[in-house]
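Residues per chain are reported as follows:
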Amino acid sequence: MIEQRLSEQRGVGAHGWLHSHHTFSFANYWDPKQVGFSDLLVINDDQVAKARGFGAHPHSNMEIISYVLEGALEHKDSMGTGSVIVPGDVQLMSAGSGVTHSEFNHSSEDGVHFLQIWVVPSEKNSPPGYQQISVPESDKRGNLRLIVSPEGQEGSLSIRQDVRIYAGLFSTGEQQTLTLDDDRYAYIHVARGSITVNGVKFKAGDGARVRNEKTLTFSEGDEAEVLVFDLRPLEVNHPTR
């Protein structure tokens, strides 16, 4: 079953310098029917004005993934990590027992557009950590490339949860099928463009909870960029804090 949720059904946060769409309940957006899915708690689609951003703020016991679509995102944290991530980069900060970080648009001329994703970890109060990889466009072209996994398989980032995240780019004529293990859930998020999954059409910002599907076939892409989350079969509402 593919339970689709359209882009316009998401929550919205408009703060002048920040325009955000919330797939799940977050901050001032609250919907008791949209409080995460399995261990996936947050997908925020953020657009940040030039030279603006999120000042230093704390996190704990959360796996936080940043995926840049356009522009450049500057990251600094209390572990001493500093980096600028651009399209193709994937960043994973394991907040663990506690970390403070900031995220700013690195450019004084252009905006930055990125996804921030939160996954509930399987363990609490572990030492915080930071990882980053760069994934060539060729690895994602017409393919679902593993970017996050529990053991860091296939050059992916290692996450503290039984979650696998894939990223793909699809245009005309490109097709890929993802096989899910028995009893696994999945979540589909279309970041850009449009695509068809198992006969269901998606546009930018659309997403879907997936249950009881053995395979997911991605086809008829039109400049599509897609993230797919392979998740434990849990029906759990996690707190948003």
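Structural data are supplied above this passage.
Residues numbered from 1 in each chain as written. Predicted model: local features only at pLDDT ≥ 70, side-chain atom pairs only at ≥ 80, totals over all residues. Heavy atoms only, no water.

Draft legend 1. Highlighting the layout of surface pockets. In this structure, the largest pocket occupies an estimated 260 Å³ of space. In terms of lining, the largest pocket is formed by 18 residues, of which the most central are Leu18, His22, Phe26, Asn44 and Phe54. Every element with two or more residues in the lining of the largest pocket is listed here: strand S2 (11-14), strand S3 (18-22), strand S4 (40-48), strand S5 (53-59) and strand S11 (112-119). The residue inventory of the lining of the largest pocket, partitioned by class, reads 7 nonpolar, 9 polar and 2 charged. Volume-wise, the second largest pocket comes out at about 220 Å³. (1 Å grid on protein atoms, 1.4 Å probe; cavity = no way out; pocket = protein on both sides within 12 Å on 5 of 7 lines; lining within 4 Å. Points joined across faces, edges and corners; volume = space filled by probe spheres on them. Helix = DSSP H or I, 4+ residues; strand = E, 2+ residues; numbered from the N terminus. Nonpolar A, V, L, I, M, F, W, Y, C, P; charged D, E, K, R; others polar.)

Draft legend 2. Main features of the sheet that holds strand S6 (residues 63-70). Read across the open sheet, the 7 strands follow the order S2-S3-S4-S11-S6-S9-S12; overall the sheet is antiparallel. Each edge of the sheet is formed by a strand with only one pairing partner; in this case those strands are S2 and strand S12 (129-134). The mean inter-strand angle of the sheet, taken between neighbouring strand axes irrespective of direction, is 15°. Relative to S3, S2 runs antiparallel, the two being bridged by 4 bridges. Directly across from Gly13, in S3, lies its bridge partner Ser20. (Pairing = 2+ DSSP bridges. Axes fitted to C-alpha atoms, helices over the stretch in contact; angles between N-to-C directions.)

Draft legend 3. The side chain of Thr196, seen in detail. Structurally, Thr196 is set in strand S17 (residues 185-197). Taking the relative accessible area as the measure of exposure, Thr196 reaches 6% and is therefore buried. Side-chain polar atoms of Thr196 contact the side chain of Glu220, separated by 3.1 Å. Residues in contact with Thr196, not counting those within four places in the same chain, are Lys201, Thr217, Phe218, Ser219 and Glu220. (Buried < 20%, exposed > 50% of the residue type's maximum accessible area, 1.4 Å probe, protein only. Polar contact = N/O pair within 3.5 Å; in protein donor to acceptor, adjacent residues only side chain to side chain. Contact = heavy atoms within 4.5 Å.)

Draft legend 4. Region of the structure containing the pattern of salt bridges. A complete count under the given rule lists 17 salt bridges for this structure. Between Arg192 and Glu225 there is a salt bridge whose closest N-O contact spans 2.6 Å. Taken as a pair, Arg192 in strand S17 and Glu225 in strand S20 (residues 215-231) lie far apart in primary sequence, 33 residues in all. Under the relative-accessibility criterion, Arg192 is labelled partly exposed at 28%. Owing to a relative accessible area of 5%, Glu225 belongs among the buried residues under this scheme. In this structure, the salt-bridge partner of Lys203 is Asp206, at a minimum N-O distance of 3.2 Å. Look at Lys203 and you get partly exposed, because its relative accessible area is 35%. Asp206 sits in the buried class, given a relative accessible area of 2%. One salt-bridge network, held together by shared partners, links Asp162, Arg164, Arg184 and Asp230. (Salt bridge = Lys/Arg side-chain N within 4 Å of Asp/Glu carboxyl O.)

Draft legend 5. Quick look at the sheet that holds S5. With antiparallel pairing, the 4 strands of this open sheet are ordered in space as S5-S10-S7-S8. Each of the sheet's edge strands pairs with one partner strand only, and the pair in question is S5 and strand S8 (82-85). Taken pair by pair, the neighbouring strands of this sheet meet at an average axis angle of 20°, ignoring direction.

Draft legend 6. Molecular detail of the packing of aromatic side chains. Applying the stated criterion to the full structure yields 6 aromatic pairs. A centroid spacing of 5.3 Å and a plane angle of 5° characterise the contact between Phe37 and Tyr185, whose relative ring orientation is stacked. With Phe37 in the loop between S3 and S4 and Tyr185 in strand S17, the pair connects residues that are 148 residues apart, well separated along the chain. The class for Tyr185 is buried, based on a relative accessible area of 12%. Three or more aromatic residues joined by ring pairs form one cluster here, namely Phe24, Phe37, Tyr185 and Tyr187. It is Arg211 that lies over the ring of Tyr185; its NZ or CZ is 5.6 Å from the centre. (Phe/Tyr/Trp six-rings, centres within 6.5 Å; stacked < 30°, edge-to-face > 60°. Lys NZ or Arg CZ within 6 Å of the ring centre and 35° of its normal.)

Draft legend 7. Broad picture of the environment of Leu231. Counting through the fold element by element, Leu231 comes out in strand S20. Counting along the chain gives 14 residues from Leu231 to Thr217, while the straight-line C-alpha distance between them is 17 Å.

Draft legend 8. The environment of Phe104, seen in detail. Turning to its location among the elements, Phe104 is positioned in strand S10 (residues 99-105). When its relative accessible area of 31% is taken as the criterion, Phe104 is described as partly exposed. Each C-alpha atom of the pair Phe104 and Trp30 lies 26 Å from the other, and the pair is 74 residues apart in sequence.

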